[in-house]
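Listed below are the residues making up each chain.
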Amino acid sequence: MTDAAVTAPTGTLVVGLAGLRRGSLAIAGGKAANLGELVAAGLPVPDGFCVTTAAYALAADAAGIPAALGAGEDPAALRTRLQDTPVPAEVADAVRAAYRALGAGPVAVRSSATAEDLPDSSFAGQQDTYLNVVGTDEVVGAVRRCWASLWTDRAVSYRETAGIDPSTVRLAVVVQRMVDAVAAGVLFTADPLTGNRGHAVLDAAPGLGESVVSGAVDPDHVVADHDGRVLDHRVGDGGVAVRAVAGGGTVTEDHVGRRGRCLTDVQVAEIVALGLRAAAHFGAPQDVEWAVAADGTVALTQSRPVTTLFPLVEPAEPGHVYLCISLAQGLVRPMTPLGVSAARVIGATAVGAMTGRPPTDPRRGPRGFAVAAGRPFVDVTTPLRSAPGRAALPRVLDVMEARSAVVLRALLAGQLGDQHVLHGPVRRRSWLPFLRGVGRIAVRFRVPVRLVGALVSPRYALRHVERVRAGIAPLCVVAPDLPTDVRLRRAAEIVAAVFPVLPTTAPVAGGGFVALGAARLLAGSDLPAADVHEVLRSLPHNVTTEMDLRLWALAARLRTDPASAAALAGRAPADLAAAFHAGSLPPALQAGLAGFLRDHGHRAAAEIDLGVARWSDDPAPVLAVLAGYLRLPVDERPDLAPDAQFARGARAADETVAAVVDRVRARSRLRAVLVRAALGRARALAGLREEHKDLLVRVLAAARANLLLVGADLARRGLVESAGDVVLLDLAEIGAAVAGADQRVLVARRRDEHERELRRRHVPRIVLADGTEPEAAAPPVEAAGDGALTGSAASAGVVEGPVRVVLDPADAAVAPGEVLVVPSTDPGWTPLFLTAGALVMEMGGSNSHGAVVAREYGIPAVVGVAAATTRLRTGQVVRVDGAAGTVVPLD
């Protein structure tokens, strides 16, 4: 049937597949538009036509769908409307004419929504398909049932999750000649599990493909390379086959006994080759549905992007290995383009300080800096091919992001050895370049002097931190009335000043950990890991815990103010935040919050991202925590008060130190004296580990404030829509806007990309240049017999309680005793710790931020628990053993 034979008599209600392209999405939906592209590429596609969205619009109007949507009718009522309303005569006539022109034989009738088979959302299987439909009235009826399936509960839920406005969605319907398949299934031109772009994966079953896509059969599973060579072929077992019946309809047949292979190796190679042609045409890996007819010919019945693949890092060198640095810092969400741009500058500044060669243009970042899906990655290949890097980097990750260390060690041991260059002996054995770089940093920032000074006198450490804080104060002043180009340069200079805060401040806290290491060496078995956790509880001089306790103290004062308590109990945090900026909160709450934000308004969740709003910009998260604190029953249970718990932790730490010293004294009085002194220094200094993070975030907040003022000027000039749009540009693009470039179109595109990435739940810790995720490609680990989830022990103790899964702390509340289960944390999360009974994190190591703060608050913690936020559910009761590193479901 020619395209003209379909389209000429029927106008826009019916269009032949050959007349469709990707630009036809609005009239044909994703499935039909992609089929038109396959036809244009010369790929074998069964002939057919598309009943357009214009036809659906006529049917929807006749059924009263627009008005029903506006009235808030539920999906079931919308389906009933479409099913019970006759198909408009002009649509029915067009479908009948097109079906007759197709030959009036058996056809497949399949939904094609405008929000389907798109690059960022596949909507696979969300609307209905009808196979082996025969007869004009039957085809018209199947089209109507497809329309109704746009409003199934699963389709509506999927669209809500994807953030798609239901009033904007339309449905077209594809009608194609039926392939009476002897085998059918799906092909992924890249491995959707491991991300390997060099492998193709097929699932195949006897009969029609419906059994595969519906999960009614255990399919044959085939892995092949892109040359079509079969690497693995597992024959399925059990399930049913779906077969066409003469005269219309399908039947299911149970498989009896073990079946043979559905496909020969030659057929696998042919299907892979067709799929790769489709991928080349679309410019991205494809999820292709295919069918093999009785005569052996292969037809493609659908192609859509593989939307679950994590994007390739860019730029990338073949065979290299990349670590997600934002994830290692506890940030699962994507960074803003401005945040990534700042990370480039900070990284380039750090590398320049270590090598002694300042970067020519720090905005380009250091060598090996890469980005994927809005997340910064760093190439760890070069350091891991040197003796110092191979010795040090996995050990650093052991305490920072433990699961990343496990993945790297597996790669070094030969996992996926044909896909990367890490395996084998080191290329550079000399430690001299590494030691020279470390020495350069140590000398420039006087690291040994400050570390020893802190060990000798903790008062010296505190005075040093105060001097650093005073030294950065001028950077944090936002000068008025600067010309915009000067302000932009000022912001860039402030970002470049971030890195020096770390080596200037961290050594004094490092003295505490040196002292702790000495104590463990001297005490030996008398200072076990569980006691180390106790020693580090309720540390003094920790800016993060002091911040949290100050917020609790504010809540305690507001509890006695009826107007403030009523406002926090009865109004949404966002509403309260707007009232704060308007100055209209109850006086006690207005003044108390203003005082807290003066000192801590530079903090936020995801605060390492320069583009993220600070609490001073949006205090809603702080107000949500205050409201949660007011719900604590401290009148009946004073021991639940966070300040009481903190004091209890300090007493427990002192008692543990005394007990350890007593045990050591039984062996040696001199050692006991030294252990007491070392543990005393550890407690006096280790809390300062949070200081450098607080200071560098202060600097970032100042840079952000200047850049928002730049954005305000750009908005006045019409080059962006609003001041906040600058967070969706990098520093060079902001510079171009200052010079006169209109960035509104770029900002709109970036906003869509960022919002899409905010919905991404899976981010690989480690990824290869070809997209392979080593953690996903690793052999499965046998689950514990009791169903326990395992991770890294981070804070000792055992707690049983209900789970509270929190993905965003902005408006979260944790009831006393609940087990807080999170992807990761940073200081913006820690106010929630004060009421939690235990902490479970997907990311992190024993010295990551969440682990450290959990120990200080004395709550059990297990970190590095894979997929904890999806494997556990809110309300589920679990037992958390922070010393064993296990989380055991109890119901």
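Residues numbered from 1 in each chain as written. Predicted model: local features only at pLDDT ≥ 70, side-chain atom pairs only at ≥ 80, totals over all residues. Heavy atoms only, no water.

Overview of the overall build of the chain
Counting secondary structure elements, the chain contains 34 helices and 25 strands. Radius of gyration (C-alpha) of the chain: 31 Å, near the 29 Å computed for a compact globule of 891 residues. Considering only C-alpha atoms, the chain reaches an extent of 95 × 65 × 60 Å along its principal axes. Looking at the chain as a whole, 53% of its 891 residues qualify as buried. Pairs at least 24 apart in sequence give 68% of the contacts found in the chain among residues at least 6 apart. Taken as two groups, the 91 positive and 92 negative side-chain charges of the chain have centres that lie 10 Å from each other. (Helix = DSSP H or I, 4+ residues; strand = E, 2+ residues; numbered from the N terminus. Rg over C-alpha atoms; globule rule 2.2 N^0.38 Å. Buried < 20%, exposed > 50% of the residue type's maximum accessible area, 1.4 Å probe, protein only. Contact = heavy atoms within 4.5 Å. Lys, Arg positive; Asp, Glu negative; His and termini not counted. Charge placed at Lys NZ, Arg CZ, Asp CG, Glu CD.)

As for the sheet that holds strand 5 (residues 171-177)
As a general point, the strands of a sheet are linked pairwise by backbone hydrogen bonds and lie either parallel or antiparallel. Across the sheet, which stays open at both edges, the 5 strands sit in the order 1-2-5-3-4 with antiparallel pairing between neighbours. Only two strands of the sheet have a single partner each, and these edge strands are strand 1 (14-16) and strand 4 (129-133). Ignoring which end each strand starts from, the neighbouring axes of this sheet average 25 degrees apart. Relative to strand 4, strand 3 (residues 107-113) runs antiparallel, the two being bridged by 3 bridges. Following the sheet pairing, Arg110 is matched in strand 4 by Thr129. Helix-sheet contacts for helix 6 (residues 89-101) involve strand 1, strand 2 (48-51), strand 3 and strand 4, and the interaxial angle to strand 2 is about 175 degrees. (Pairing = 2+ DSSP bridges. Axes fitted to C-alpha atoms, helices over the stretch in contact; angles between N-to-C directions.)

Quick word on the pattern of salt bridges
Going through the model one piece at a time under the given rule, you end up with 42 salt bridges. In this structure, Arg81 engages Glu73 in a salt bridge whose closest nitrogen and oxygen atoms are separated by 2.8 Å. On the accessibility criterion, Arg81 (30% relative accessible area) is partly exposed. Each of Arg603, Glu607, Lys693, Asp694 and Arg698 takes part in salt bridges that share partners, so that together they form one network. (Salt bridge = Lys/Arg side-chain N within 4 Å of Asp/Glu carboxyl O.)

Notes on helix 6
Compared with an ideal rise of 1.5 Å per residue, which puts 13 residues at 18 Å, helix 6 spans 18 Å between its outermost C-alpha atoms and is within 8% of the ideal. Residues of helix 6 that are buried: Val91, Ala92, Ala94, Val95, Ala98 and Tyr99. Along the axis of helix 6, the buried positions cluster into a sector of 165 degrees, meaning they face one direction only. Of the residues flanking the end of helix 6, it is Gly103, one or two places downstream, whose phi is positive at about 115 degrees. (Expected span 1.5 Å × (residues − 1). Arc of directions from axis to C-beta.)

Points about the nonpolar core
General note: in soluble globular proteins, nonpolar side chains tend to be found buried as a group. One finds Leu551, Trp552, Leu568, Leu623, Leu626, Leu820 and Leu839 to be the most contacted residues of the largest nonpolar core, which totals 52 residues. Among residues more than four places away in sequence, those in contact with Leu626 are Leu551, Leu554, Ala555, Leu558, Leu568 and Leu589. (Core = buried A, V, L, I, M, F, W, Y, C linked by side-chain atoms within 4.5 Å.)

Observations regarding a positive patch on the surface
Residues Arg446, Arg459, Arg463 and Arg467 make up a contiguous surface patch of positive charge. Tracing the backbone through its elements, the reader meets Arg467 in helix 18 (residues 458-472). (Patch = residues over 30% accessible without salt bridge, like charges linked within 9 Å, V, L, I, M, F, W, Y side chains within 5 Å. Areas by Shrake-Rupley, 256 points an atom, 1.4 Å probe, with all protein chains shown as cover.)

Comments concerning a nonpolar patch on the surface
A cluster of nonpolar residues, Met354, Trp431, Phe434, Leu435 and Val438, forms a patch on the protein surface that exposes about 420 Å² of accessible area. Given a relative accessible area of 47%, Leu435 falls into the partly exposed group.

Digging into the environment of Val468
Within the secondary structure, Val468 is located in helix 18. C-alpha separation for the pair Val468 and Ala672, spaced 204 residues apart in sequence, amounts to 35 Å. In contact with Val468, other than residues within four places in its own chain, are Thr504, Thr505 and Leu695.

Concerning unusual backbone geometry
Here the residue pair Glu314 and Pro315 is connected by a cis peptide bond, since its omega of -10 degrees sits within 30 degrees of zero. Backbone geometry at Ala104 places phi at a positive 60 degrees, although glycine is not the residue there. Structurally, the position occupied by Ala104 is in the loop between helix 6 and strand 3. Despite not being glycine, Asn132 shows a phi value in the positive range, around 55 degrees. On the secondary structure map, Asn132 appears in strand 4.

Side note on the pairing of strand 9 (residues 230-234)
Here 4 bridges tie strand 8 (residues 220-225) to strand 9, and the two strands are oriented antiparallel to one another. Each residue of the ladder has a partner; that of Val222, found in strand 9, is His233. Between strand 8 and strand 9, which pair antiparallel in sequence order, lie 4 residues; one of them, Gly228, sits at a positive phi of approximately 85 degrees.

Concerning helix 30 (residues 731-738)
When helix 30 is considered as a whole, its buried residues turn out to be Leu731, Glu733, Ile734, Ala737 and Val738. Angularly, the buried residues of helix 30 cover 160 degrees about the axis, an arc narrow enough to put them on a single face. The secondary structure elements touched by the buried residues of helix 30 are helix 12 (337-355), helix 19 (484-496), helix 29 (691-716) and helix 31 (744-758). Its side-chain oxygen at 3.1 Å from the backbone nitrogen of Ala732, Asp730 defines the N-terminal cap of helix 30. A positive phi of about 120 degrees marks Gly740, the residue just after helix 30. (Polar contact = N/O pair within 3.5 Å; in protein donor to acceptor, adjacent residues only side chain to side chain.)

Let's talk about the pairing of strand 5
With respect to burial, strand 5 is a largely interior element, 6 of its 7 residues being buried. As defined by bridge partners, strand 2 adjoins strand 5 across 4 bridges and the pair is classed as antiparallel. Bridge pairing links Cys50 to Val174 in strand 5. Pairing of strand 3 with strand 5 involves 7 bridges; the strand directions are antiparallel. Looking at strand 5, one finds that Val107 is bridged to Arg177.

With respect to the confidence of the model for the chain
Residues shown with low pLDDT carry predicted positions that ought not to be read at fine detail. Per-residue confidence for the chain gives a mean pLDDT of 90, with 95% of residues at or over 70. Low pLDDT (under 50) marks residues 1-11, which in the prediction has 22 contacts with non-local residues, meaning those over four places away or in another chain. (pLDDT = per-residue confidence, 0-100.)

Focus on the packing of aromatic side chains
Under the defined criterion, the tally for this structure stands at 7 aromatic pairs. Taking 6.4 Å as the distance between ring centres and 85 degrees as the angle between the ring planes, the aromatic pair formed by Phe445 and Phe499 counts as edge-to-face. Within this pair, whereas Phe445 is found in the loop between helix 16 (432-444) and helix 17 (447-456), its partner Phe499 is found in the loop between helix 19 and helix 20 (501-523), the two being separated by 54 residues in sequence. Neither residue differs from the other here; Phe445 and Phe499 are each classed as buried. (Phe/Tyr/Trp six-rings, centres within 6.5 Å; stacked < 30°, edge-to-face > 60°.)

Quick word on the packing of helix 20 against helix 28 (residues 669-685)
At a closest axis distance of 8 Å, the pairing of helix 20 and helix 28 adopts a crossing angle of 150 degrees. Considering their axes alone, helix 20 and helix 28 lie roughly antiparallel with respect to each other. Classified by chirality, the crossing of helix 28 by helix 20 is left-handed. Together, Val508, Ala509, Gly511, Gly512, Ala515, Leu516, Ala519, Leu521, Leu522 and Ala523 of helix 20 and Arg671, Leu674, Val675, Ala678, Leu679, Arg681, Ala682 and Leu685 of helix 28 make up the contact between the two elements. A breakdown of the residues in the contact of helix 20 with helix 28 according to their chemical character gives 14 nonpolar, 2 polar and 2 charged. (Parallel < 35°, antiparallel > 145°, perpendicular 65-115°, else oblique. Left-handed = near helix turned anticlockwise from the far one by under 90°. Nonpolar A, V, L, I, M, F, W, Y, C, P; charged D, E, K, R; others polar.)

A short note on the packing of helix 2 (residues 25-40) against helix 10 (residues 265-282)
For any two helices packed against each other, one specifies the crossing angle of their axes together with the interaxial distance. Packing of helix 2 against helix 10 leaves a shortest axis separation of 10 Å and a crossing angle of 105 degrees. Here helix 2 is positioned roughly perpendicular relative to helix 10, judged by the angle of their axes. Residue-level contacts link Asn34, Glu37 and Leu38 of helix 2 to Ala278, His281 and Phe282 of helix 10. A per-class count over the contact of helix 2 with helix 10 returns 3 nonpolar, 2 polar and 1 charged.

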